[in-house]
Amino acid sequence: MTDAFDPPSRKLSRRALLAGAAGAAGAATAGEAASAGNPKNLPPNVPSWTRTLGDGVAVRPYGQPSKFEKHVIRRDVQWLTASRESSVSFTPLHELDGIITPSGLCFERHHGGIAEIDPDDYRLMLHGLVDKPLMFTLDDLKRFPRVNRIYFLECAANSGMEWRGAQLNGCQYTHGMVHCVEYTGVPLKLLLAEAGLKTSAKWILAEGADSASMARSIPLAKALGDCLVAYRMNGEMLRPEQGYPARLVVPGWEGNVWVKWLRRIKVGDQPWHAREETSKYTDLMPDGSARKFTFVMDAKSVITSPSPQLTLGHKGVTVISGLAWSGRGKVKRVDVSLDGGRNWRAAKIDGVALDRACVRFYAETDWNGQEMLLQSRAIDDTGYVQPSKAELRKVRGVNSIYHNNGIQTWRVAPNGEVENVEVS
Ligand code: MTE
Ligand code: CO
């Protein structure tokens, strides 16, 4: 198994790539004919798109992906929830690369549907243990000094269906409640300073303007630390799904506290014990007690390619690719195993490795059609190592829904099909 891990030499890799390409074309069945191409468009013919003028500028005033990319979409699992208003759609991680999630593909998690807020009617109230209660318009928020930061957001329930064993076939479903975008916003500490905090202030309550009025308590130290009231993502205004016109950004902490459609911040001296921090978003332990306020998302990773929605279509040089993140800091290393965790080697982290953002990793292998049990594990700069599912269950049991960061296994069968499995 370790042999297959050695990055192929340049010469070998070129030969293997060519062999792979020829093999794939040779093996194409009727169903795969489209991927073999339309003979009329293939060299040396002049393809249809070269013989006619294309659409002019501004025919597409807001750009959309190519019509050939229609399969790259958020998806939901209808049996998971009783309604679409209180539900989730998942990021198609297997179709993406790099670290930034395109805005239109960011997973959505709503408890009462998408609030459509007219920005002129938007108000953010700040009150409680402050010297001067304040009400901000969107324009007021935009007049404060602003910062740009790239962070991942992961729902605490990501991988929540997998506590009792492998369930869903696809990293979109097992790990797709994560996204990573660039936010533009006001540091929350500037708004709090404007109102003036009383000395007894210890917690804030952040509340949304959606019909769920979702509200969460956040310790003041975090609010004064790195939280933002963001109004832009990836340069443009937030999408309605992501909390237009303003949401709370709480770096490294569970997605539920990133309150969308943010309408109110109350300063208090203790937590509020709201629904989403008592009956939900607590972690039921094997002894029946429940952990509360488990805010931080521990280090986690997943191989996005190959993965169950992507059959491995060729032998030879194969790039294994995935994402890793940690709510405690930077991802320092990602290890990859081909044999279910017996042997590991460090993957290459490509591009930037930012604090509490996703990182992209790659590992090359020369696949000869043997069964593989693919795993990845993230290690962050605090030294924390992503645990196996067995290690996690030793502490947490199987009663939990939230905070499942166990190592994922994909079985690659000799025919290239990939499936969600567990190894003991
Ligand atoms: N804020 C409000 N007001 N209402 C919500 O339903 N869902 C929370 C959080 N903020 C929610 C909310 C949950 S559980 C998560 S995981 C994130 O928003 C999801 O953010 P996203 O939809 O931008 O991915
Ligand atoms: Co969530």
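Residues numbered from 1 in each chain as written. Chains lettered and ligands numbered in written order. Predicted model: local features only at pLDDT ≥ 70, side-chain atom pairs only at ≥ 80, totals over all residues. Heavy atoms only, no water.

*Asks:* Go over the side chain of Glu108 with me, naming the residues and quoting the values.
*Replies:* Position of Glu108 relative to the elements: it lies in strand S2 (residues 108–110). Within the local environment of Glu108, its side chain forms a polar contact with the side chain of Ser89, the two groups lying 2.5 Å apart. For Glu108, the side chain forms a polar contact with the side chain of His110, separated by 3.4 Å. In this view, Glu108 contacts Arg74, Ser87, Val88, Ser89, Ile114, Glu241 and Gln242; residues no more than four positions away in its chain are not counted. (Helix = DSSP H or I, 4+ residues; strand = E, 2+ residues; numbered from the N terminus. Polar contact = N/O pair within 3.5 Å; in protein donor to acceptor, adjacent residues only side chain to side chain. Contact = heavy atoms within 4.5 Å.)

*Asks:* Can you explain the domain arrangement of the protein? Please cite residues and give values.
*Replies:* Looking at the assigned domains, one finds that the protein contains domain 1 (110–291) and domain 2 (300–421). Listed per partner, the contact involves 38 residues of domain 1 and 35 residues of domain 2. Between domain 1 and domain 2, roughly 3100 Å² of surface is buried when both sides are summed, and carbon and sulfur atoms account for 55% of that area. In terms of surface lost to domain 2, no three residues of domain 1 exceed Phe152, Trp163 and His175, which account for 25% of the buried area on that side. Remark: the boundary between domain 1 and domain 2 carries 3 salt bridges. When the shortest N-O distance is used, the salt bridge between Lys300 and Glu154 registers 2.8 Å. (Domains from an automatic or database assignment. Buried area = accessible area lost by both parts, 1.4 Å probe. Salt bridge = Lys/Arg side-chain N within 4 Å of Asp/Glu carboxyl O.)

*Asks:* Could you give an account of the environment of Cys227, with specific residues and numbers?
*Replies:* Turning to its location among the elements, Cys227 is positioned in the loop between helix H8 (220–224) and strand S9 (228–233). With relative accessibility at 1%, the residue Cys227 sits in the buried group. With 127 residues separating them along the chain, Cys227 and Leu354 place their C-alpha atoms 16 Å apart. Aside from chain neighbours lying at most four places away, what touches Cys227 is Val186, Pro187, Leu188, Lys222, Val249, Val250 and Pro251. (Buried < 20%, exposed > 50% of the residue type's maximum accessible area, 1.4 Å probe, protein only.)

*Asks:* How would you sum up the sheet that holds strand S16 (residues 316–325)? Please name residues and give values.
*Replies:* Strand order in the open sheet formed by 4 strands is S15-S16-S20-S19, with antiparallel pairing between adjacent strands. The sheet terminates laterally at strand S15 (300–305) and strand S19 (348–350), the two strands that pair on one side only. Here the strands of the sheet are splayed against their neighbours by 35 degrees on average, with no regard to which way each runs. When S15 meets S16, the two strands line up antiparallel, connected through 5 bridges. Following the sheet pairing, Lys300 is matched in S16 by Trp325. (Pairing = 2+ DSSP bridges. Axes fitted to C-alpha atoms, helices over the stretch in contact; angles between N-to-C directions.)

*Asks:* Before we move on, can you summarise the pattern of salt bridges with the specific residues and values?
*Replies:* For the coordinates displayed, the defined rule picks out 23 salt bridges. Between Glu254 and Arg216 there is a salt bridge, with the nearest N and O atoms lying 2.9 Å from each other. With Glu254 in the loop between strand S11 (247–249) and strand S12 (262–268) and Arg216 in strand S8 (residues 215–219), this residue pair connects regions lying 38 residues apart in the sequence. Residues Glu254 and Arg216 agree in their burial class; the two are buried. As a salt-bridge pair, Glu277 and Arg216 come within 3.1 Å of each other at their nearest N and O atoms. In this pair, Glu277 sits in the loop between S12 and strand S13 (283–284) while Arg216 sits in strand S8, placing the two residues 61 residues apart along the sequence.

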